[in-house]
Amino acid sequence: MWGLLLVLAAFAPAVGPALGVPRNSVLDLAQPATTKVPGSIPAPNSSLAQLPAETANGTSERHVRIRIIKKKKVVMKKRKKLTRPTPLVTARPLVTPTPAGTLNPAEKQETGCPPLGLESLRVSDSRLEASSSQSFGLGPHRGRLNIQSGLEDGDLYDGAWCAEEQDADPWFQVDAGHPTRFSGVITQGRNSVWRYDWVTSYKVQFSNDSRTWWGSRNHSSGMDVVFPANSDPETPVLNLLPEPQVARFIRLLPQTWLQGGTPCLRAEILACPVSDPNDLFLEASAPGSSDPLDFRHHNYKAMRKLMKQVHEQCPNITRIYSIGKSYQGLKLYVMEMSDQPGEHELGEPEVRYVAGMHGNEALGRELLLLLMQFLCHEFLRGNPRVTRLLTEMRIHLLPSMNPDGYEIAYHRGSELVGWAEGRWNNQSIDLNHNFADLNTPLWEAQDDGKVPHIVPNHHLPLPTYYTLPNATVAPETRAVIKWMKRIPFVLSANLHGGELVVSYPFDMTRTPWAARELTPTPDDAVFRWLSTVYAGSNLAMQDTSRRPCHSQDFSVHGNIINGADWHTVPGSMNDFSYLHTNCFEVTVELSCDKFPHENELPQEWENNKDALLTYLEQVRMGIAGVVRDKDTELGIADAVIAVDGINHDVTTAWGGDYWRLLTPGDYMVTASAEGYHSVTRNCRVTFEEGPFPCNFVLTKTPKQRLRELLAAGAKVPPDLRRRLERLRGLKD
């Protein structure tokens, strides 16, 4: 009789309703938890109990056959260990509570399987199901790892799957689409500004037809494993299965959750494809690329090694240099690619790509490493498009602006780094908010009517507070600012991750404290063109069947947005680049997944390869030329190029050459320089490949000629002396 009672006690949560045994009400997993054990179905051959299969809607019949186990098999005093197990962030080795309370490590750990693709959206919404949902915005399609909610709870874009409060048997189900070897599960709680909800333990079941299910079992006891889950809403928790299971469907069954909350989770499934011997399922198309490139994640040491290999393979078109160091002393390496590396050629524009500003947004880093490999390989093969790029411009690739943050994220791993870990530099500074705010002084001067006659509309100086030794400016930021000043960049893109959209300046709202507000630049047409070019060439952004990443559907606006109209970012690199230098820069959000798994890199490269090349080619759009001195025919540095109707000027480089990005049309352009008479001419930009040549020759003013003569110690010419005497007489 005692043996039967002990078995009933062990199975009380599962069979209590049928036998009149009350459910256990408390299972504390580091947080107060609500306990719920659904009617899980042991696999056939179970030595403890056999329950009939669940029906298609997830309900279970309550007819139970119990096989009595000898009393010595159950040790009640060890059951107390179940009350306070420590939640695991990474279950390695996996520790699983058995019904008798003993803790047994799993014998085998399968860690090689990649994610199935919930976070990256490779798994479509139609393949996610659940027993119930509190609302559409908390439906199973929102149960994706790292998905972010909107600002308001209760809208269409909440931050998890959440079951109804009255759901007695909650479950979350994923259809892999074909037979798959499942090896592990990663979970998070609900992303929300207003609520705290997460699951603290769960079971896992598998099926080939979504009707007959079996559970993940503990090796020693044969019982269903109860996996420890989350203790906060954001930290991803990995549990590896005791033994990988081959099935088409996987189901997570929450057992306990935060007290006062509801069962809510976000998940990723680790799974390897398997061949189908009966050919009943179409084989999933494996993401890939035919380019012979190094598709893997590179830490700092591996990145340096790869860049060195590219340079050794293409020494005549590459140069590696450092623009400074991170807070931890890691060098900020740049790969320069041009037919004449190391020197600025007159009339040849300078372009750049910057990645890794946020260390955990790793895709941009890998894309730039892939791009430098690709340009090297294709140049050696004689690819005419690549050859023209490298002969007509100088390309600078900075793959890691925040190497300290990346090393933190890399150490955690692509699926376990979460949404924010590694984002900031080692001083906890967000580098994309760390550049000088030049917007505010410009707008204040505009409101006072001082622009452009008193305060320039370009190359605004750094504020005094920003130049102080104790200013909160990261060494990475200072290094990039010096880099911007040293090279006359014309075009740039800042590669980020976590969304699929291209945003353009201004990034900061003009109305103080406004969370979002359309705030265009005077060059709005150019920025919209540049953004549309990248978005229109990106395969993922052009996929009309894809769903939004998080809480906004950018596809309705062509996958581009004004940065300030998305969310305000004071001190952004884009705004600073536009107001402090000649460079036009946009932000490219490359992927829903900030740190995609290595097996997704080939497809991500294919998604972005043409866009990366096409964007660089836009530096040919507009006008370009040289401003020269009429007498010496030498270039005039820092001459101002003003376009009628656009309240933003650019300046010439030290050789007198300039580039002014413009959309097709007719423009009145004025070149001016201190000590010279201004010259205005008409310049036409067509849809044909440019840029349109628009050169200027300036003549010195008499006053400037006099200054130069006096400075040289020469005598003043008689005619000029008489003019000066007449001017003095008029003043008297």
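Since the model is a prediction, treat every value here as computed from it, not as a measurement. (Residues numbered from 1 in each chain as written. Predicted model: local features only at pLDDT ≥ 70, side-chain atom pairs only at ≥ 80, totals over all residues. Heavy atoms only, no water.)

Novice: With reference to specific residues and values, describe the pairing of strand 27 (residues 665-672).
Specialist: Both strand 24 (residues 640-643) and strand 27 contribute to a ladder of four bridges, which runs antiparallel. For Val-643, the partnering residue across the bridge sits in strand 27 and is Val-669. In this antiparallel pair of consecutive strands, strand 27 and strand 28 (residues 679-685), the connection spans six residues, and Gly-675 shows a positive phi of 90 degrees. (Pairing = 2+ DSSP bridges. Helix = DSSP H or I, 4+ residues; strand = E, 2+ residues; numbered from the N terminus.)

Novice: I'd love a proper account of the sheet that holds strand 16 (residues 331-337), names of residues and values included.
Specialist: Within the open sheet, the eight strands sit side by side as 15-16-18-17-19-22-20-21. Their pairing is mixed. Every interior strand has two partners, whereas the edge strands, strand 15 (318-325) and strand 21 (560-562), have only one. Strand-to-strand twist in this sheet, taken as the mean axis angle between neighbours without regard to direction, amounts to 20 degrees. (Axes fitted to C-alpha atoms, helices over the stretch in contact; angles between N-to-C directions.)

Novice: With reference to specific residues and values, describe the state of the cysteines.
Specialist: Covalently bonding the sulfur atom of one cysteine to the sulfur atom of another cysteine gives a disulfide. Counted by the stated rule, this structure contains five disulfides. Disulfide pairing places Cys-162 opposite Cys-264 at an S-S distance of 1.9 Å. Between Cys-162 and Cys-264, the S-S dihedral sits near 120 degrees, and the bridge is therefore right-handed. Placement of Cys-162 in strand 8 (residues 161-162) and of Cys-264 in strand 14 (residues 264-273) is noted, with a sequence separation of 102 residues between them. There is no split in this pair, since Cys-162 and Cys-264 are both buried. Between the sulfur of Cys-549 and that of Cys-592 lies a disulfide, 1.9 Å long from S to S. Between Cys-549 and Cys-592 the sulfur-sulfur dihedral comes to about -65 degrees; the bridge is accordingly left-handed. Of this pair, Cys-549 sits in the loop between helix 10 (524-537) and strand 21 while Cys-592 sits in the loop between strand 22 (584-589) and helix 13 (601-617); the two residues are 43 residues apart in sequence, bridging distant segments of the chain. Overall, the relative accessible area of 5% leaves Cys-592 in the buried class. Disulfide partners in the protein chain, listed by the sequence order of the bonded cysteines, are 1-4, 2-3, 5-6, 7-8, 9-10. (Disulfide = S-S within 2.5 Å. Buried < 20%, exposed > 50% of the residue type's maximum accessible area, 1.4 Å probe, protein only.)

Novice: Describe the side chain of Glu-350, and please don't skip the residues or the numbers.
Specialist: Here Glu-350 lies in strand 17 (residues 350-355). At 2.7 Å, the side chain of Glu-350 forms a polar contact with the side chain of His-344. Within the structure, Glu-350 has its side chain in polar contact with the side chain of Arg-394 (distance 2.8 Å). (Polar contact = N/O pair within 3.5 Å; in protein donor to acceptor, adjacent residues only side chain to side chain.)

Novice: Which residues make up the nonpolar core, and what values do they have?
Specialist: Counting 102 residues, the largest nonpolar core has Tyr-353 and Trp-483 as the members making the most contacts within it. It is helix 4 (residues 363-381) that provides the largest number of residues to this core, a total of 10 residues. When residues of this core are assigned to domains, at least three map to each of domain 2 (300-499 + 590-619) and domain 3 (623-700). The residues contacting Trp-483, other than those within four sequence positions of it, are Tyr-321, Ile-323, Val-334, Arg-352, Val-354, His-396, Leu-398 and Phe-489. Among the nonpolar cores identified, the runner-up in size contains 28 residues, and Val-123, Ala-176, Leu-241 and Ala-271 belong to it. (Core = buried A, V, L, I, M, F, W, Y, C linked by side-chain atoms within 4.5 Å. Domains from an automatic or database assignment. Contact = heavy atoms within 4.5 Å.)

Novice: Break down the pattern of salt bridges for me, with residues and values.
Specialist: Opposite charge on two side chains permits them to pair, given that their charged atoms come into close proximity. Throughout the structure, instances matching the rule amount to 33 salt bridges. Of the charged contacts in the structure, one is a salt bridge between Arg-394 and Glu-336, with a shortest N-O distance of 3.0 Å. One end of the pair, Arg-394, is in strand 18 (residues 394-398); the other, Glu-336, is in strand 16, with 58 residues separating them in the sequence. When sorted by exposure, Arg-394 lands in the same class as Glu-336, which is buried. Across the pair Asp-447 and Arg-510 runs a salt bridge whose closest N-O atoms are separated by 3.0 Å. In this pair, Asp-447 sits in helix 7 (residues 439-447) while Arg-510 sits in the loop between strand 20 (501-504) and helix 10, placing the two residues 63 residues apart along the sequence. Judged by its relative accessible area of 60%, Asp-447 falls in the exposed class. (Salt bridge = Lys/Arg side-chain N within 4 Å of Asp/Glu carboxyl O.)

Novice: Help me get a handle on the pairing of strand 28, residues and values and all.
Specialist: Bridge count for strand 27 against strand 28 is seven bridges, and the pairing is antiparallel. Bridge pairing in strand 28 places Met-668 opposite Asn-682.

Novice: Account for a positive patch on the surface, naming residues and giving values.
Specialist: On the surface, a cluster of positive charge is made up of Lys-301, Arg-304, Lys-305, Lys-325 and Lys-331. Along the chain, Arg-304 turns up in helix 3 (residues 300-313). (Patch = residues over 30% accessible without salt bridge, like charges linked within 9 Å, V, L, I, M, F, W, Y side chains within 5 Å. Areas by Shrake-Rupley, 256 points an atom, 1.4 Å probe, with all protein chains shown as cover. Lys, Arg positive; Asp, Glu negative; His and termini not counted. Charge placed at Lys NZ, Arg CZ, Asp CG, Glu CD.)

Novice: Which residues make up the sheet that holds strand 28, and what values go with them?
Specialist: If you walk across this open sheet you meet the four strands as 25-24-27-28, and the pairing is antiparallel. Two strands in the sheet have a free side with no partner beyond their single neighbour: strand 25 (650-651) and strand 28.

Novice: Now, about the packing of aromatic side chains: what can you tell me, with residues and values included?
Specialist: With the rule as written, the count across this model stands at 21 aromatic pairs. Look at Trp-161 and Phe-172: their rings are 5.6 Å apart centre to centre, the planes differ by 35 degrees, and that puts the pair in the tilted class. Highlighted residues: Trp-161 in strand 8 and Phe-172 in strand 9 (residues 172-188), separated in sequence by 11 residues. Both residues of the pair, Trp-161 and Phe-172, count as buried. Site record: aromatic cluster; members linked through ring pairs are Trp-443, Phe-506, Phe-527, Tyr-578 and Phe-584. Directly above the aromatic system of Trp-171 lies the positively charged group of Arg-251, at a separation of 3.6 Å from the ring centroid. Over the ring of Trp-419 we find Lys-594; its NZ or CZ atom is 4.0 Å from the centre of that ring. (Phe/Tyr/Trp six-rings, centres within 6.5 Å; stacked < 30°, edge-to-face > 60°. Lys NZ or Arg CZ within 6 Å of the ring centre and 35° of its normal.)

Novice: Can you explain the UniProt feature "active site" (unreviewed entry) in the protein chain? Please cite residues and give values.
Specialist: UniProt records the feature "active site" (unreviewed entry) at Glu-589, using the numbering of this structure. Classification of Glu-589 by relative accessible area gives buried; the value is 9%. Setting aside its immediate chain neighbours within four residues, Glu-589 contacts His-496, Gly-497, Gly-498, Glu-499, Leu-500, Val-501, Met-541 and Trp-566. Within polar-contact distance, the side chain of Glu-589 engages the backbone nitrogen of Gly-497 at 3.3 Å. (UniProt positions renumbered as here; feature names shortened; annotations may be inferred.)

Novice: Which residues make up unusual backbone geometry, and what values go with them?
Specialist: A cis geometry characterises the amide bond from Val-451 onward to Pro-452, with omega recorded as 5 degrees. With respect to the helices, strands and loops of the structure, Pro-452 is situated in the loop between helix 7 and helix 8 (464-467). At the junction of Pro-505 and Phe-506, the peptide bond is cis and its omega measures out at 0 degrees in the coordinates. Position of Phe-506 relative to the elements: it lies in the loop between strand 20 and helix 10. One non-glycine residue with positive phi stands out, namely Asn-146, at about 70 degrees. Positionally, Asn-146 belongs in the loop between strand 7 (128-130) and strand 8. Note on Asn-146: relative accessible area 3%, which makes it buried. For Ser-428, which is not glycine, the phi torsion reads 65 degrees and is therefore positive. The residue Ser-428 is located in the loop between helix 6 (403-412) and helix 7 in this model. Residue classification places Ser-428 among the exposed positions, given a relative accessible area of 61%.

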